[in-house]
Amino acid sequence: MQRETLLVIGANGQIGTALLPRLQAQFGMQHVVAADLRKPQTETGIFELLDATKPDALVDIVRRYRVTQIYHLAAILSAKGESDPIWAWNLNMQTSLNVLEVARLHGIRKVFVPSSIAAFGEHAPKDGTPQSTLLDPATVYGISKVATENWLLYYHKRYGLDVRSLRYPGVISYQSMPGGGTTDYAVAIFHEAVREQPYTCFLAPDTLLPMIYMDDALRATLELMDAPEDRISVRTSYNLAGMSFTPAELTAAIQRHFPAFTVRYEPDFRQVIADSWPRSIDDSVARHDWGWQPAFDLTSMTQEMITRLTAFHN
Ligand code: NAD
């Protein structure tokens, strides 16, 4: 059997930082190529500087390392994208289309491009949002995710490319800071809590949003990519759920560890984005197709985040 070599684009971001060691453990250090616009703080394994909007640079890396799978994680996220919509659209679409074209032309066996709960908008049911529903996103980020999902399906149908995707909820992790999303508060709040500082939250206390602990998000990614091809019935992007909670519920969970911890609420433009998103996700298709099952809930995630970040800050 051919040995797999993976290219991870956007490897220094919130998800890439945590995913890279898992892939290196599974496939071997010499078989995972990390790439990003900027160098990582600490380099472990193979790293290449790459601007994925440039197709030639992407082809060069794919050829040199004989890449067989691409994990495309580079994107401008929901809140950051609103500061310059055309720039965000161009970057998100150009990088995704470059990845798909390079994959088609250079015999890439599998491609992973995440989508997001931001793909849903005003007219999708907010509770238990189904796999298939109207997608009318409120942000340029969401519009780019819906378009990318449709391009994934197109490359699968037209060229037989093995594309796989997950609509990640807000991802909570201790490994690095998030990159400008609407759910970033759920990471930032832990950093202030363990430093025994008050936190100012940019969402209202009752804003219920779907979230997932990084460990679950990574396991879902690896399980989806490992699943036999005939188990994959969705070639746009799978709904994925971990847990749903509000800032007030998260604060209460943290206060069980730090009773003196306080939060002030100052909702900003991100409240409007959050209000356009689902409150909870129906991921029954992922459960049925490839056996998805989350392991972390609010209590166990909070415990884990506090333990990890306390060790980090001390
Ligand atoms: P992030 O912003 O933390 O990281 C993105 C990385 O991409 C950065 O390191 C950045 O330097 C790099 N990058 C940007 N432009 C690039 C380019 N032109 N060429 C190469 N690299 C470039 O993002 P993340 O949170 O790790 O998200 C990864 C993927 O998961 C994205 O597609 C995102 O939309 C999706 N997602 C993330 C979340 C979440 O909560 N983190 C939720 C839903 C979906």
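Residues numbered from 1 in each chain as written. Predicted model: local features only at pLDDT ≥ 70, side-chain atom pairs only at ≥ 80, totals over all residues. Heavy atoms only, no water.

### Some remarks on the packing of helix H4 (residues 85–105) against helix H5 (residues 140–159)
Reasoning step 1: Across the interface, H4 lies against H5 with an axial gap of 10 Å and an inter-helix angle of 15°. In terms of orientation, H4 and H5 fall into the roughly parallel class. Once H4 is placed against H5, the crossing between them reads as right-handed. Every residue of H5 that contacts H4 at Pro85, Ala88, Trp89, Asn92, Met93, Ser96, Leu97, Leu100, Glu101 and Arg104 is listed here: Val140, Tyr141, Ile143, Ser144, Ala147, Thr148, Trp151, Leu152, Tyr155 and Tyr159. (Axes fitted to C-alpha atoms, helices over the stretch in contact; angles between N-to-C directions. Helix = DSSP H or I, 4+ residues; strand = E, 2+ residues; numbered from the N terminus. Parallel < 35°, antiparallel > 145°, perpendicular 65-115°, else oblique. Left-handed = near helix turned anticlockwise from the far one by under 90°. Contact = heavy atoms within 4.5 Å.)

### Quick notes on the side chain of Thr183
Reasoning step 1: Summarising the element assignment, Thr183 is placed in the loop between strand E9 (170–172) and helix H6 (185–194).
Reasoning step 2: Residues in contact with Thr183, not counting those within four places in the same chain, are Gly170, Val171, Leu209, Met211 and Trp277.

### What about the side chain of Asp283?
Reasoning step 1: Its place among the elements puts Asp283 in the loop between helix H9 (270–275) and helix H10 (284–290).
Reasoning step 2: Note on Asp283: relative accessible area 4%, which makes it buried.
Reasoning step 3: The residues touching Asp283, leaving out its near neighbours within four places in the chain, are Asn239, Leu240, Ala241 and Trp292. (Buried < 20%, exposed > 50% of the residue type's maximum accessible area, 1.4 Å probe, protein only.)

### Comments concerning the confidence of the model for the protein
Reasoning step 1: Averaged over all residues, the pLDDT of the protein is 97; the fraction at 70 or higher stands at 99%.
Reasoning step 2: Here the predicted complex carries an ipTM of 0.99, next to a pTM of 0.98. (pLDDT = per-residue confidence, 0-100.)

### Here's the deal with a nonpolar patch on the surface
Reasoning step 1: Taken together, the side chains of Trp151, Tyr154 and Tyr159 make up a nonpolar region of the molecular surface, amounting to roughly 280 Å² of accessible area.
Reasoning step 2: When you line up the elements, Tyr154 lands in helix H5.
Reasoning step 3: Relative accessible area serves as the criterion here: at 35%, Tyr154 is assigned to the partly exposed category. (Patch = residues over 30% accessible without salt bridge, like charges linked within 9 Å, V, L, I, M, F, W, Y side chains within 5 Å. Areas by Shrake-Rupley, 256 points an atom, 1.4 Å probe, with all protein chains shown as cover. Salt bridge = Lys/Arg side-chain N within 4 Å of Asp/Glu carboxyl O.)

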